[in-house]
Protein chains: 2
Amino acid sequence: MRTMSDTVVVGLDIGGTSTRAAAVTLDGVRLGTGRAGGGNPTSHGAERAAGELLAALRAALTGVDPGRVRAGTIGLAGAGRLLADPQGRAAFDRAWSDAGLRCPYAVHGDALVAYASGTASPDGTVLIAGTGAIAAQVHELRLDRVADGHGWLLGDAGSGFWLGREAVRRLLSDLDRGQRPGDLTGPVLAELTGSPAVADPSRATVDAVVQVVTRRPPVELARLAPLVVTAARAGEPVATALVAEAATLLVESAGRIRPAGATDPVVLGGGLLTGDTPLADAVRAELARRWPDAPLHAAGDGAAAAAWLAARDLPGVTDPAALHARLVPAAT
Amino acid sequence: MRTMSDTVVVGLDIGGTSTRAAAVTLDGVRLGTGRAGGGNPTSHGAERAAGELLAALRAALTGVDPGRVRAGTIGLAGAGRLLADPQGRAAFDRAWSDAGLRCPYAVHGDALVAYASGTASPDGTVLIAGTGAIAAQVHELRLDRVADGHGWLLGDAGSGFWLGREAVRRLLSDLDRGQRPGDLTGPVLAELTGSPAVADPSRATVDAVVQVVTRRPPVELARLAPLVVTAARAGEPVATALVAEAATLLVESAGRIRPAGATDPVVLGGGLLTGDTPLADAVRAELARRWPDAPLHAAGDGAAAAAWLAARDLPGVTDPAALHARLVPAAT
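Going along each chain's sequence as written, the residues are numbered from 1 onward. As a convention, the first chain written is A and the first ligand written is 1, with the rest following in written order. Whole-chain, interface and lining totals are the exception, using all residues; otherwise, since this is a predicted model, local features are given only for residues with pLDDT of at least 70 and side-chain atom pairs are given and counted only at 80 or more. Calculated side-chain values reflect all of the structure's heavy atoms, with hydrogen atoms and water omitted.

J.: Now, about the overall build of chain A: what can you tell me, with residues and values included?
T.: Helix and strand labels come from DSSP, where a helix needs a run of H or I of at least four residues and a strand needs a run of E of at least two; each type is numbered from the N terminus. Helices and strands together make up the secondary structure of chain A, namely 14 helices and 10 strands. Each radius of gyration is computed over the set of C-alpha atoms, and the globule rule expresses the reference value as 2.2 Å times the number of residues to the power 0.38. Relative to its length of 332 residues, chain A is compact, with a C-alpha radius of gyration of 22 Å against a globular reference of 20 Å. Principal-axis analysis of the C-alpha atoms places the extent of chain A at approximately 75 × 45 × 30 Å. In what follows, residue pairs with any heavy atoms lying within 4.5 Å of each other are defined as contacts. In chain A, the proportion of contacts linking residues at least 24 apart, taken out of those at least 6 apart, comes to 65%. Only the protein chains shown count as cover for residues, and the accessible areas themselves come from Shrake-Rupley with a 1.4 Å probe. Element-wise, carbon and sulfur atoms account for 52% of the exposed surface of chain A, whose accessible area totals about 13400 Å². In summary, the charge assignment counts Lys and Arg as positive and Asp and Glu as negative, without counting His or the chain termini. Lysine's charge is taken at NZ, arginine's at CZ, aspartate's at CG and glutamate's at CD. With 31 positive and 34 negative side-chain charges, chain A shows a separation of 3 Å between the mean positions of the two kinds.

J.: For unusual backbone geometry, give the residues involved together with the corresponding values.
T.: Glycine aside, residues mostly have negative phi, and peptide bonds are mostly found in the trans state. All names here are of chain A. In the Ramachandran plot, Leu-141 falls in the positive-phi region, its phi being about 55 degrees despite a non-glycine side chain. Tracing the backbone shows Leu-141 in the loop between β7 (133–139) and β8 (142–148). Classification of Leu-141 as buried rests on a relative accessible area of 4%. Here Asp-148, not a glycine, exhibits a phi torsion of approximately 55 degrees, which is positive. Note that Asp-148 resides in strand β8. Remark: exposure states derive from per-residue accessible area (1.4 Å probe, protein chains only) relative to the maximum for the residue type, with buried under 20%, exposed over 50%, and partly exposed in between. Judged by relative accessible area, which is 4%, Asp-148 ranks as buried.

J.: How would you sum up the relation of the copies chain A and chain B? Please name residues and give values.
T.: By a simple turn and slide, chain A fits onto chain B: the slide is 0.0 Å along the axis, the RMSD is 0.1 Å, and the turn is 180 degrees. What the superposition gives is, in effect, a two-fold axis relating one chain to the other. Among all C-alpha atoms of chain A, that of A:Leu153 lies closest to the rotation axis, at 4.1 Å. When the interface residues of chain A are mapped onto chain B, 100% of them are again interface residues, pointing to one common binding face. The fit set for superposing copies consists of C-alpha atoms from residues with pLDDT of at least 70 in both; the fit itself is least squares.

J.: Go over the sheet that holds strand β1 (residues 8–14) of chain B with me, naming the residues and quoting the values.
T.: Residues and elements named next belong to chain B. The mixed open sheet is built from five strands, whose spatial order is β3-β2-β1-β4-β5. Two strands lie at the open edges of the sheet, namely β3 (30–37) and β5 (105–109), each paired on one side alone. Within this sheet the neighbouring strands show an average axis-to-axis angle of 15 degrees, counted without direction. Pairing between strands is defined by DSSP: at least two bridges between them are needed. By the bridge criterion, seven bridges tie strand β2 (residues 18–25) to β3 in an arrangement that is antiparallel. Bridge assignment links Thr-19 to a residue of β3, and that residue is Ala-36. Axis definition: a line fitted to C-alpha atoms, over the contacting stretch in the case of helices. Angles run 0 to 180 degrees between N-to-C directions.

J.: Mind laying out the packing of helix α7 (residues 185–193) of chain B against helix α8 (residues 203–215) of chain B, listing which residues take part and the relevant values?
T.: Residue and element names in this part refer to chain B. Packing of α7 against α8 brings their axes to within 10 Å, and their N-to-C directions diverge by 65 degrees. The two elements α7 and α8 cross, and the hand of that crossing is left-handed. Contacts between α7 and α8 pair Leu-189, Leu-192 and Thr-193 from the former with Thr-205, Val-209, Val-212 and Val-213 from the latter. Crossings are assigned a handedness: left-handed for a near helix turned anticlockwise from the far helix by less than a right angle, right-handed for a clockwise turn.

J.: Describe the pattern of salt bridges, naming the residues involved and giving the relevant values.
T.: Take a side-chain nitrogen of Lys or Arg and a carboxyl oxygen of Asp or Glu: if they are within 4 Å of each other, that pair is a salt bridge. Under the criterion given, the structure shown has 26 salt bridges over all chains. With a closest N to O distance of 3.3 Å, B:Glu252 and B:Arg256 form a salt bridge. Linking B:Glu252 with B:Arg256, this pair stays in helix α10 (residues 237–257), spanning four residues, or about one helical turn. Residue class for B:Glu252 comes out partly exposed when judged on its relative accessible area of 25%. Residue class for B:Arg256 comes out buried when judged on its relative accessible area of 14%. If you follow the salt bridges from partner to partner, you end up with A:Asp176, A:Arg177, A:Arg203, B:Glu252 and B:Arg256 in one network.

J.: Any details on the pairing of strand β9 (residues 266–269) of chain B? Residues and values, ideally.
T.: All names here are of chain B. The alternating pattern of β9 places Val-266 and Leu-268 and Val-267 and Gly-269 on opposite faces, both of which are buried. The sheet contact formed by strand β6 (residues 124–129) and β9 spans four bridges and is parallel. Pairing of Val-126 across the sheet is with Val-267, part of β9.

J.: Provide a residue-level description of the sheet that holds β8(A), including the pertinent values.
T.: All names here are of chain A. Pairing in this open sheet of five strands is mixed, and the strands run β8-β7-β6-β9-β10 from one edge to the other. Edge positions in the open sheet fall to β8 and β10 (296–298), since each of these has one partner strand only. Averaged over all pairs of adjacent strands, the angle between their axes in this sheet comes to 25 degrees, without regard to strand direction. Where strand β6 (residues 124–129) lies against β7, six bridges are found, and the strand directions are antiparallel. Within β7, the position partnered with Thr-125 by the bridge is Gln-137. In the packing of helix α10 (residues 237–257) onto the sheet, contacts are made with β6, β7 and β8, and the angle to β8 comes to roughly 130 degrees.

J.: Residue-level account of the interface of chain A and chain B, with values.
T.: Every contact between the two is made by 31 residues of chain A and, on the other side, 31 residues of chain B. The junction of chain A with chain B conceals about 2500 Å² of combined surface from both sides, 54% of it contributed by carbon and sulfur atoms. Per-residue buried area on chain A facing chain B is highest for A:Leu153, A:Leu154 and A:Asp176; these three make up 29% of the total on that side. Linking chain A to chain B there are four salt bridges. Polar contacts here mean pairs of N or O atoms no more than 3.5 Å apart (in protein, one a potential hydrogen donor and the other a potential acceptor; neighbouring residues in sequence count only if both atoms are side-chain atoms). Our count for the chain A to chain B interface comes out at 20 residue pairs in polar contact (both at pLDDT 80 or more). Residue assignment for the side of chain A that touches chain B shows that the elements contributing at least two residues are β8, α6 (160–176), α8 (203–215) and α10 of chain A. Just so you know the grouping, Ala, Val, Leu, Ile, Met, Phe, Trp, Tyr, Cys and Pro go in nonpolar, Asp, Glu, Lys and Arg go in charged, and all remaining residues, Gly too, go in polar. Tallied by class, the residues present in the side of chain A that touches chain B amount to 15 nonpolar, seven polar and nine charged. Two parts placed together each lose some accessible area under a 1.4 Å probe, and adding up what both lose gives the buried area.

J.: Any chance you could break down the pairing of strand β4 (residues 69–76) of chain A for me, citing the residues and the numbers?
T.: Residues and elements named next belong to chain A. Counted residue by residue, β4 has seven buried out of eight residues, so it is predominantly covered. As paired strands, strand β1 (residues 8–14) and β4 are joined by seven bridges and run parallel to one another. Its bridge partner lying in β4, Val-10 is registered against Gly-72. Where β4 meets strand β5 (residues 105–109), five bridges bridge the pair, whose relative direction is parallel. When the bridges of β5 are listed, Gly-75 appears paired with His-108.

J.: Could you give me a rundown of the side chain of B:Asp176, with the residues and numbers involved?
T.: Looking at the element boundaries, B:Asp176 is found in helix α6 (residues 160–176). When its relative accessible area of 2% is taken as the criterion, B:Asp176 is described as buried. A polar contact of 2.9 Å, which involves the side chain of B:Asp176, links it to the side chain of A:His150. Leave out the neighbours within four places in its chain, and B:Asp176 touches A:Arg145, A:Val146, A:Ala147, A:Asp148, A:His150, A:Arg256, A:Ile257, B:Arg203 and B:Val206.

Honestly, that's just the spatial picture; any functional story needs more than this.
See the structure below:
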């Protein structure tokens, strides 16, 4: 008879900058973890994503008999596109089998995995703000309705991209007015132009800023978001106002899909909402105002959550919440 | 002795979609006009711009002895870049001389020419909203300080691009909420997807909208601005709110450079502010509130204004305002 400690599940969380894998037993012993490079199949191509998948899997399975693995789940952005692409799916199948795995695996969106890393509740909302921003309703542990996630040109309201772009807009407004940049816009100017202090709020400086930004991919504006977070933490008024506006926009996106009066949990994910940031604080406060009875959780270990998603459908699993408590480290 | 009717000046207004030329005598007789294709040297290259310049010039000078032309002015977007580019400048010199002209010519920014098409006052403000948006202070008929004009990624607040993008954002918000598009967002959806009525506010519709928009150059979002103007004219609430917000943003840009209490004129230029549009009405109302003693003018005939800018420095011109009244047709 197979016991909880015999049965192994693997979970993978494939992000744009890193891929993480975890191999765990059903009684919660972590047998191995693996980490590899970014593997988003939409941006990197499915072949490369599959290569990172294999590297992370092999690391997590070091010293583990792959025959013990009964199930696996892969969470990634663009899951739908991968599943619709026979070549991409074949590349993932090959990586899976090259790792020695014979069990089936499921593919889910990264938003579902982020959600499951914060709660075992089958129904709730996940709100993610990193480079981009998206909110999704989860129903019976499937992604249901989605709000935003429309990309930087049309959406990502309140995201890192949004914060960075707005910071540059405030800088350009200072320069247009002939004012010296302030405690947020000064560091933004220094970051963009490499000059630590510019005493010249002239059109030449304006042109230099616009040129630096427009020469790069627009999404790189998200790199300026930490400057806004840092300035807001120090109480700088422009950054504080931007963070408040971003929080309003993010919660507005969630409100497009989350019913008024909902009491199921909200999970906060993405670099801007999982850390101890002023934006996370502002979003939590606004969520608590709008849905006072909803538990708030931070997203945690995505690979472990993916492993839990794989495990909960196995025969003999009767208490998925208890399994979640064993498998997924609490983030907050 | 040379008389007012002997002396001819030429003016050119080179825009992104058309080039216009005018040949006028100092007593206000229009000897000819010419029109050619768009000639912005930044977007089309200086050689092509010079070709359009020559075509428009030749049309305007049909039947006119080019030896009678004493001065000329060319207004164009990106004037500074042309002047800094020896090859571009040489191409313009050649076109000028190929048209048979021996007099010198000056090159000014299109914003100055738009300003001069609305007023003869040497000092004032010009506020332009078309595809993009820019405000500039004019001092002694030279462009002085500039606000916005930062392009669609970082600026153009309140422009046609801005209106179009915000209309799509409102559409995506409707779709995220599972609502059928309204009287503004419905036509926007139809324009983007070609389907006159979509009863399916699903994620597939969302994806189709995002894909259509992101496949095109972002600036093409400005093509949706007329839908906003039309809906606002009909009193549609979302469009009305967008127009009000655009007006606030445009006047805020002007306020970055125009002093409080200024009483010199404001000239409104660009397709969104020269026509009888709800945005023009809203901007005029907001300008009148903020600068109650400032005359407001609409930009008019740019080629005639360029001719006036050329003429006013000629020997014997003692009353530039009277000359303006003769040469530049009043727009409003």
